[in-house]
Amino acid sequence: MAAANATKISWRLQEFEAHSSSVSCLALGKNSGRLLATGGEDCRVNIWAVSKANCIMSLTGHKSPVECVQFNTSEEQVVAGSQSGSIRVWDLEAAKILRTLMGHKSNITSLGFHPFGDLLASSSMDTNIKLWDVRRKGYVFRVKGHTQAVRSLAFSPDGRWLASASDDSTIKLWDLAQGKTITEFKSHTAAVNIVQFHPNEYLLGRCRYSKHVYSVLCAFFSPDGGCLFSGATDTLRVFGWEPDRCFDTVPVGWGKVSDLAVCNQQLIGVSHQLSSVSSYVVDLKRVKKSGGSDPRGAALRKSYARPSTTCSSQRVKQRSESERRSPEGERRSPSEDEGDEKLSSAEIHNPEDFKEIFQPKNAISRTPPKMSEPFPAPPEDGESYSSLSSSSSSSSSSSSSLLFVINMSLIHYQCSHVVTGIKLKTTSMFVPQPSANSRPAALSDEDELSQIKKGHATMCVMLSSRRKNLETVRMAWAREDAKNALDIAVSMSDLSIVVDILNILNLQPSLWKLDLCTTVLPQIDKLLQSKYESYMQTGCTSLKLIMKHFWTLISDTLRATPSVGVDITREERHLKCRTCCKQLKNLSNIVKNKASQVGRHGSAFKELQLLMAPLDDAV
């Protein structure tokens with residue numbers, strides 16, 4: 001009976017190899033419960049969609065094993081800390097390294113993003129806690145007080161406080177505005193490994209290690225704040241308070257679970273062993289999560305007041321410049337940061353899932369869509385899907401044949417190419433639609449197949465030509481560089497080839513140089529005025545990248561005073577910058593005209609218009 005109940009309440013979703021060596025850490029995205037980040041001894045951070053065994057992207061740059069990983073609140077960024085004490089932040093939507101932060105002297109033990117602003121908190125075996133401004137590359141300040149390694153960090157829901165738990169058996173609560181301790185909780189007899197804020201009320205949850213009793217490995221307040229989910233070896237427990245008690249205990253075969261998240265009435269738990277990762281699901285609709293708690297306690301407690309505007313590092317105590325330039329290396333020269341960031345990369349292994357999750361066309365949220373039943377339970381003992389199969393097979397032979405023909409047609413129309421490790425895929429299918437005024441007559445299998453094949457030969461010729469052109473570009477790229485490959489693509493007078501190459505370059509900003517900009521800008525002119533939405537999107541992305549990464553160089557070069565004597569290199573750079581500036585001004589006029597449009601395109605062009613505002617004052 002126990003086994004049957006366990007099968008109904010919890011089940012293993014998947015198990016897969018996550019890294020080429022042992023997995024050292026992992027984290028679930030708490031916003032969606034459907035994204036997973038893993039860090040390994042191979043110095044990589046891999047991003048996964050829960051329930052899928054194919055890695056979406058692999059993030060490189062760390063030179064020592066990754067010890068800690070965490071998503072930000074919106075799941076647009078991920079941060080990873082290494083054994084050496086370095087911290088790297090990646091922008092998942094742009095698929096690039098955002099910041100490299102140095103300052104800790106030992107292993108990173110915990111990381112946490114501020115709930116509203118661009119602040120990041122980090123702790124280490126060196127007992128220090130540091131706050132960073134991710135956008136400005138800035139070290140904000142350091143707090144000291146723990147005597148042993150800090151194991152867990154948590155920001156309060158309103159962003160005013162930071163809680164830290166340590167091996168010294170204490171929990172400290174820090175006021176971020178003043179940069180000092182508010183209070184300290186010392187009533188612990190062992191190291192405290194987890195600290196969590198209640199999502200609504202002034203409550204703080206903590207968990208500790210124990211060799212003799214139930215040892216908590218991870219904990220998570222329910223989204224409504226009604227209970228605390230506690231993960232231990234092969235067990236989930238649901239706790240309440242006032243009075244303290246356990247509502248339910250659920251056996252789950254997840255081993256030493258590492259993180260928990262909730263996704264639409266389902267709790268997701270993930271664990272790792274050696275190089276493999278396993279994910280499990282618990283059906284919360286079958287778990288007891290309440291037990292008649294005393295409502296007077298909640299009524300007497302305060303609730304967090306969320307700020308009406310985005311919080312920024314301005315609300316956090318700022319240290320003087322001399323304090324920031326500490327001998328521990330919290331700040332480094334721009335050249336050092338740029339050198340490290342060039343070594344970091346985001347390798348996209350699954351372009352389809354990447355675009356669906358991080359670059360959706362229609363969804364406002366950048367997280368995977370929440371479904372009413374995202375992870376279906378396996379069939380109960382004795383139950384199978386044979387009835388479904390038999391009912392499908394009992395349908396007419398005409399329907400099954402048509403389904404098979406459509407699938408085969410899709411295979412014929414698919415044309416795949418590989419350019420520097422990125423897969424380009426073109427899929428097209430033309431199926432004639434019946435007239436609105438006529439009722440379609442029943443067609444035989446041969447008639448159906450004949451209609452589907454209409455235009456097939458023409459499409460095959462077109463795709464074969466495109467494949468040949470892409471192969472030529474790929475060989476040029478492998479033989480020389482991206483600039484030469486793009487020059488060849490432009491000479492083919494096929495804008496679709498240019499779009500394919502730019503889609504790759506847009507994901508790899510480190511490949512861009514000033515030479516490349518002079519070639520790309522005239523093509524952006526064509527893309528922005530194209531009738532195809534995907535072409536306009538690619539053009540906008542390339543233009544944003546150029547403005548963000550090259551406009552400062554272009555404007556500074558054009559404003560610089562002439563050098564004494566002959567400097568051929570400077571003259572060439574000056575000529576390229578003048579050419580780019582002229583092309584950017586032309587594009588600025590196009591962007592201004594299109595910014596008046598309504599809808600998604602108008603918003604994209606308005607954003608570009610703001611980004612290109614400095615061109616109005618250009619030399």
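What you see is a predicted model, and the numbers here were worked out from it, not measured in a lab. (Residues numbered from 1 in each chain as written. Predicted model: local features only at pLDDT ≥ 70, side-chain atom pairs only at ≥ 80, totals over all residues. Heavy atoms only, no water.)

Draft legend 1. Main features of the sheet that holds strand S12 (residues 129-133). Taken in spatial order, the four strands make up an open sheet running S10-S11-S12-S13, and their pairing is antiparallel. Across the chains shown, the open sheet's two edge strands, defined by having one partner strand only, are strand S10 (108-113) and strand S13 (138-143). Each adjacent strand pair in this sheet contributes to an overall mean axis angle of 20°, direction not counted. Bridge count for strand S11 (residues 119-124) against S12 is five bridges, and the pairing is antiparallel. Paired with Ser123 across the bridge in S12 is Ile129. (Pairing = 2+ DSSP bridges. Helix = DSSP H or I, 4+ residues; strand = E, 2+ residues; numbered from the N terminus. Axes fitted to C-alpha atoms, helices over the stretch in contact; angles between N-to-C directions.)

Draft legend 2. Fine view of the sheet that holds strand S16 (residues 171-175). Across the sheet, four strands lie side by side as S14-S15-S16-S17; this open sheet has antiparallel pairing. The sheet terminates laterally at strand S14 (150-155) and strand S17 (180-185), the two strands that pair on one side only. Strand-to-strand twist of the sheet, defined as the mean angle between neighbouring strand axes without regard to direction, takes the value 20°. As paired strands, S16 and S17 are joined by five bridges and run antiparallel to one another. Paired with Trp174 across the strands is Thr181, a residue of S17.

Draft legend 3. Here's a closer look at the pattern of salt bridges. Overall, the coordinates contain 14 salt bridges when judged by the stated rule. Where Arg570 meets Glu571, a salt bridge forms, and the shortest distance between an N and an O atom there is 4.0 Å. A relative accessible area of 47% places Glu571 in the partly exposed class. (Salt bridge = Lys/Arg side-chain N within 4 Å of Asp/Glu carboxyl O. Buried < 20%, exposed > 50% of the residue type's maximum accessible area, 1.4 Å probe, protein only.)

Draft legend 4. Local environment of the nonpolar core. Counting residues in hydrophobic clusters, the biggest one holds 46 residues, and the most contacted among them are Trp512, Leu528, Leu543, Ile546, Ile554 and Leu584. Put simply, the parts of the chain that give this core at least two residues each are helix H9 (456-479), helix H10 (482-491), helix H11 (495-505), helix H12 (514-528), helix H13 (533-559), helix H14 (568-594) and helix H15 (600-611). If you tally residues by element for this core, the top one is H13, at 11 residues. Not counting residues within four places of it along the chain, the set of residues in contact with Leu528 comprises Met536, Gly539, Cys540, Leu543, Leu587, Ile590, Val591, Lys594 and Phe605. Within the second largest apolar cluster, 25 residues are counted, among which are Ala37, Val69, Trp90 and Phe354. (Core = buried A, V, L, I, M, F, W, Y, C linked by side-chain atoms within 4.5 Å. Contact = heavy atoms within 4.5 Å.)

Draft legend 5. Spotlight on the pairing of strand S15 (residues 161-166). Among the six residues that make up S15, six are buried, leaving the element largely enclosed by the rest of the structure. Of the two faces of S15, the one holding Trp161, Ala163 and Ala165 and the one holding Leu162, Ser164 and Ser166 are both buried throughout. Strand direction decides the pairing type here: S14 and S15, joined by five bridges, are antiparallel. Across the sheet, residue Leu153 finds its bridge partner in S15, namely Ser164. Across five bridges, the pairing between S15 and S16 is antiparallel. Across the sheet, Ala163 pairs through a bridge with Leu173, a residue of S16.

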